[in-house]
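Reading the structure
Each chain, letter by letter, is given below.
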Amino acid sequence: MANGMEAPLWLGLVQRALVFLRIHTLFYSVVKFLDATLRSWGITNWLPAWCPTSQCKLEEAEERMLQLIQSKFSKQFVNISSDNKLWTLVFNDGVERKTPLVLLHGFGGGVGLWAMNLDALSQQRPVYALDLLGFGQSSRPHFSTDAQEAETQFVESIEEWREKLGLESVILLGHNLGGYLATAYSLKYPSRVKHLILVEPWGFPECPEAGEQDRPFPVWIKVLGAILSPFNPLAGLRLAGPLGPGLVQIVRPDFKKKYSAMFNDSTVPEYIYHLNVQSPSGETAFKNMTISYGWAKRPMLQRIGLIHCDIPITVIYGSRSSIDGHSGNSIKEMRPNSHVELIAIRGAGHYVFADQPEDFNHRVLHVCETVS
């Protein structure tokens, strides 16, 4: 889709699970009735029993995702304000005092999805991968319903995290939602960013007016959009309860294929499932930051021209992605006196780092070589 949301989980749900959507609506009615009944009995925390998940199962799933990594690394919770914590992987810390590379995952993701990149990227400098606030093993607090305030909560959590770790400045790489937040962070804290790397970033173009789209949405997508609008993007996984783990493998079989060089079992879909059936904190924040069909309420192209001209930007796309590639060209046009490089990775879709990991790692390392 033109808004940069090609192939995240919620879009795969819309495109590939029409039959399930009918079940989804039925589940919602049943679960809503069940929830009201149980609450009338004083039972308010029944969802964990409905979904076969837990914090321990998420930890175990992540351990399996990271088990083949050869490099030594540490894991820790970094405490920030309001008793929140950000789950963090640290590679090569203190070995070479080069500017560290910080990885921000996309919507519905977590640190485990970088499994095919962390070894290569951490050979020359420190690398930090964190679960964004509201996602993965990080705290899942209440976010503001206001899009700007929710964005600020994300950005401030990253800044507090940086400060707690004592990182003077970073190379900031963000995929999907992580790219949007990396850009928002660079706008507010330009002195902390040596290079901004945007990987298939979400939320840059504006939602086109009716009639402006090259290919208008089919009627069935509009109908489904209306049906799903009251729900969080991944509500279907939670409402499916015990059917959820199988549902991930049905609607997103490509994830298993992407990581087939590392795993030949259900490790990846199980990790994705446990990531996204916990409390939908960051997911709700994301929904509040969007309008119809996943477009951003506060499109980043309206602001990216304000990023300090000294911050180089590299934009990485997959050649097979249906993301709006014009955003990269727009960034370049809006920053005529700044370094902007566009990289298209052949044979890759939206999840560039998993589709073509060797090429992706090589390109990112080449960018990092330009930063001391």
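All residue numbers here refer to positions counted from 1 along the written sequence of the relevant chain. Only residues with pLDDT of at least 70 get local features here, since the model is predicted, and only at 80 or more are side-chain atom pairs given and counted; chain-wide, interface and lining totals rely on the full set of residues. Remark: hydrogens and water are excluded; side-chain values derive from all non-hydrogen atoms of the structure.

Once that is clear, we can look at the overall build of the protein chain. Secondary structure summary: the protein chain contains 16 helices and eight strands in total. With a 1.4 Å probe rolled over the protein chains alone, any residue whose accessible area is under 20% of its type maximum counts as buried; one over 50% counts as exposed, and the rest are partly exposed. A buried classification covers 57% of the 372 residues belonging to the protein chain. In what follows, a contact means two residues having at least one pair of non-hydrogen atoms within 4.5 Å. Within the protein chain, contacts between residues separated by at least 24 positions form 78% of all contacts whose residues are at least 6 apart in sequence. If you sum the accessible surface of the protein chain, you get close to 16200 Å²; carbon and sulfur atoms cover 53% of it. To qualify as a helix, a DSSP run of H or I must reach at least 4 residues; to qualify as a strand, a run of E must reach at least 2; elements of each kind are numbered from the N terminus. Areas reported here follow the Shrake-Rupley algorithm with a probe of radius 1.4 Å; residue values treat only the protein chains shown as occluding.

Counting residues in each nonpolar core, the largest one holds 52 residues, and the members touching the most others are Leu118 and Tyr259. Among the elements that make up this core, the one with the highest residue count is helix α12 (residues 267-276) (five residues). Other than its neighbours up to four places away in sequence, Tyr259 contacts Met65, Leu113, Met116, Val268, Phe353 and Ala354. Ranked by size, the runner-up nonpolar core spans 50 residues in total, among them Phe143, Leu198, Trp202 and Ile304. Take the buried Ala, Val, Leu, Ile, Met, Phe, Trp, Tyr and Cys residues and link them wherever side-chain atoms come within 4.5 Å; each set so joined is a nonpolar core.

A few words on the pairing of strand β3 (residues 101-104). Both faces of β3 are covered, namely the face carrying Leu101 and Leu103 and the face carrying Val102 and Leu104. The pairing criterion is simple: DSSP has to find at least two bridges between the two strands. Sheet analysis places β3 next to strand β4 (residues 127-130), joined by four bridges and oriented parallel. By the bridge assignment, Leu104 is partnered in β4 with Leu130.

Glancing now at the packing of aromatic side chains. In summary, the pairing rule links any two rings of Phe, Tyr or Trp, Trp by its six-membered ring, whose centres are within 6.5 Å, and it sorts them by plane angle into stacked for under 30 degrees, edge-to-face for over 60 and tilted for everything else. Counted according to the given criterion, the structure contains 13 aromatic pairs. Aromatic pair Phe143 and Phe154: ring centres 4.6 Å apart, planes at 35°, arrangement tilted. Residue Phe143 is located in the loop between β4 and α6 (147-165), and its partner Phe154 is located in helix α6; the two are separated by eleven residues in the primary sequence. We note that Phe143, like Phe154, is buried. The structure contains a cluster of three or more aromatic residues connected by ring pairs, namely Phe107, Phe135, Tyr180, Trp202 and Phe286. Sitting over a ring, as applied to charges here, requires NZ of Lys or CZ of Arg to be within 6 Å of the ring centre and within 35 degrees of the ring normal. Just above the ring of Phe77 sits the side chain of Lys85; from NZ or CZ to the centre is 5.9 Å.

In this section: empty space enclosed by the protein. Over the atoms, a rolled probe matching the size of one water molecule traces out where space is still vacant. Grid points spaced at 1 Å and placed over the protein atoms alone form the basis of the search, with a cavity being a set where a 1.4 Å probe fits but cannot get out and a pocket an open set showing protein on both sides within 12 Å along at least five of seven lines. Lining residues have an atom within 4 Å of a point. Grid points are joined across faces, edges and corners, and a volume is the space filled by probe spheres set on the points. Summed over all chains, the structure comprises five cavities of 30 Å³ or more. For the second largest cavity, the lining is made up of eleven residues, of which Phe107, Gly108, Gly109, Leu113 and Tyr351 are closest to its centre. For this scheme, ten residues count as nonpolar: Ala, Val, Leu, Ile, Met, Phe, Trp, Tyr, Cys and Pro. Four count as charged, namely Asp, Glu, Lys and Arg, and the remainder, Gly too, count as polar. Considering only residue class, the lining of the second largest cavity consists of six nonpolar, five polar and no charged.

For the rest of this paragraph, the subject is unusual backbone geometry. A positive phi angle, close to 60°, is found at Asp83, a residue other than glycine. The backbone phi angle of Asn92 is positive, close to 60°, even though this residue is not glycine. Counting through the fold element by element, Asn92 comes out in the loop between β2 (85-91) and β3.

Time to look at the confidence of the model for the protein chain. On a range of 0 to 100, pLDDT expresses the predictor's confidence in each residue. Confidence along the protein chain averages 85 in pLDDT terms, with 79% of residues attaining 70 or more. This stretch, residues 1-7, has a pLDDT under 50; its non-local contacts, to residues over four places away or in other chains, come to 39 contacts. Across residues 219-230, confidence stays below pLDDT 50; counting only partners more than four residues off in sequence or on other chains, it has 16 contacts.

Quick look at the sheet that holds β2 now. Pairing is mixed in the open sheet, where eight strands are placed in the order β1-β2-β4-β3-β5-β6-β7-β8. The two strands at the open ends of the sheet, each matched to only one other strand, are β1 (73-79) and β8 (340-345). Ignoring strand direction, the axes of neighbouring strands in this sheet form an average angle of 20°. Of the pairings in the sheet, the one linking strand β6 (residues 193-199) to strand β7 (residues 313-318) comprises four bridges and is parallel in character. What sits directly across from Ile197, in β7, is Thr314. Sitting on the sheet, helix α7 (residues 177-188) is in contact with β3, β5 (170-175) and β6, with an inclination near 145° to β5. On the sheet, helix α14 (residues 326-334) packs against β6, β7 and β8 and is oriented at approximately 165° with respect to β7. Lines fitted to the C-alpha atoms define the axes, with helices restricted to the stretch that makes contact. Angles between their N-to-C directions range from 0 to 180 degrees.

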